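# Commentary on secondary and tertiary structure
Each chain, written out:
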Amino acid sequence: MIELFAGKDRTRLLAAGRAAAATLAHVGERLRPGISTATIDQWVRAHTKALGGKPSQLGYHGFPASVCTSRNEVVCHGVPRADVVLGEGDIVNVDVTTELDGFHGDTSATFLLGEVSKEGRHVVDVARRCLEVGIAEVRDGARFGDVGAAIQALAEREGCSVVRDYGGHGIGRAMHGPPHVAHHGKRGTGTRLRAGMCFTIEPMINLGRPEVRVLDDEWTVVTADGRWSAQFEHTVLVTETGCTVLTRAT
Ligand code: MF3
Ligand code: CO
Ligand code: CO
C-alpha cells in the first residue's frame, strides 16, 4: 500500500526535504580535489545535527556512515573512506537522507572535481536531465511507467544506459517504502500516481552497459564494465495541482 500524506504531514515532509537539500548544498560548496570521502561524511554528520536532524542512512541495515559517496564507476551506496581522496577530474555523487521530526527527505547530486573529461561531463549532464524529465511526468493520474519511459528515452537517445537493479522508492516516516520507482519502462503502464504520494526519483545513468556488481564490502555498487555512472535524486510529493519537489534547494 502506498501511503497518502495530507495536512501537517506534508509540512513535515517538506521540512525534512529542505534539511536534506541544505546539507547537500553545504557539501557542494566545500567539495574540492584533495578531500576524502570520509571528510564528506563528517560534514554531513555535523550539518545534519546542526539542523536538528539525524542522518537516516547511519546504521541502516548496518550501513557504516551518514552519507553515500559514489565516485566515477561507483553507481551508488559508496561507503565513505579516508583513503578515497577525490582528485582533479573525478565525479562524485553525494547522497544525503535526513530524518527530521519523524519524516525523511532524500536527495543526491553528482559533482565535478575540477576539469572533467567530455565523457564524464556528458554522463553527469544526462543524469541531471533524466531526473528533470522524470519529475516533469509527476501529476495526479499519471503512471509510474510514464516516469520510467521518459527517463529511459532520454538516456538512450544520449547513448547512455539506465541501471535496472536499483530504483526510487516511497518515503515518509521511513526512508524506504513502497512503491519501487523504476527508471525505465513503458508509457501508460504501472500504478497510477495520486495526490499525497511521496517518493524519490533517482536515475542511475551509465556511460556503458547497465549491469552492476556489488563489491566485497557488500555495499559499494559499481558498473560491471568499469565505465562511469552518474546520479541525481529528488524527493517529490504529488499534489492536487501537480507536484512539489521537496528537496529543491531554496
Ligand atoms: N539515500 C539512498 C537512496 O537513495 C539510501 C541508501 S541506503 C544506505 O535510497 F544504507 F546505503 F545508505
Ligand atoms: Co533514495
Ligand atoms: Co538517496
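Owing to the predicted nature of the structure, the values given are computational and were not obtained by experimental measurement.

## Some remarks on the coordination of the cobalt ion (ligand 2)
Put simply, the ideal angle at a metal is 109.5 degrees for four donors in tetrahedral geometry and 90 or 180 degrees for six donors in octahedral geometry. Looking at the cobalt ion (ligand 2), the protein donor atoms are D106 (OD), H169 (NE2), E202 (OE) and E233 (OE), and they sit 2.0 to 2.2 Å from it. With six donor atoms in place around the cobalt ion (ligand 2) and angles of 50 to 160° between them, the coordination shape is irregular. Between the cobalt ion (ligand 2) and the cobalt ion (ligand 3), a spacing of 3.2 Å is present, and a bridge between the two is formed by D106. In this pair, D106 is assigned in strand β5 (residues 103–112) and E202 in the loop between β9 (198–201) and β10 (204–206), connecting sequence segments 96 residues apart.

## Here's the deal with the pattern of salt bridges
On inspection of all chains with the given rule, the structure shows 15 salt bridges. Where D101 meets R12, a salt bridge forms, and the shortest distance between an N and an O atom there is 3.1 Å. In this pair, D101 sits in the loop between β4 (91–100) and β5 while R12 sits in helix α1 (residues 7–30), placing the two residues 89 residues apart along the sequence. Look at D101 and you get exposed, because its relative accessible area is 57%.

## Points about the environment of G177
Note on placement: G177 falls in strand β8 (residues 177–181). For G177, a relative accessible area of 27% translates into the label partly exposed. When the C-alpha positions of G177 and H77 are compared, they lie 18 Å apart, and in sequence the two are 100 residues distant.

Conventions used here
Residues numbered from 1 in each chain as written. Chains lettered and ligands numbered in written order. Predicted model: local features only at pLDDT ≥ 70, side-chain atom pairs only at ≥ 80, totals over all residues. Heavy atoms only, no water. Donors = N, O, S within 2.8 Å, 3.2 Å for Na, K, Ca; no water. Tetrahedral: all angles 85-135°; square planar, octahedral: opposite > 155°, others 65-115°. Helix = DSSP H or I, 4+ residues; strand = E, 2+ residues; numbered from the N terminus. Salt bridge = Lys/Arg side-chain N within 4 Å of Asp/Glu carboxyl O. Buried < 20%, exposed > 50% of the residue type's maximum accessible area, 1.4 Å probe, protein only.

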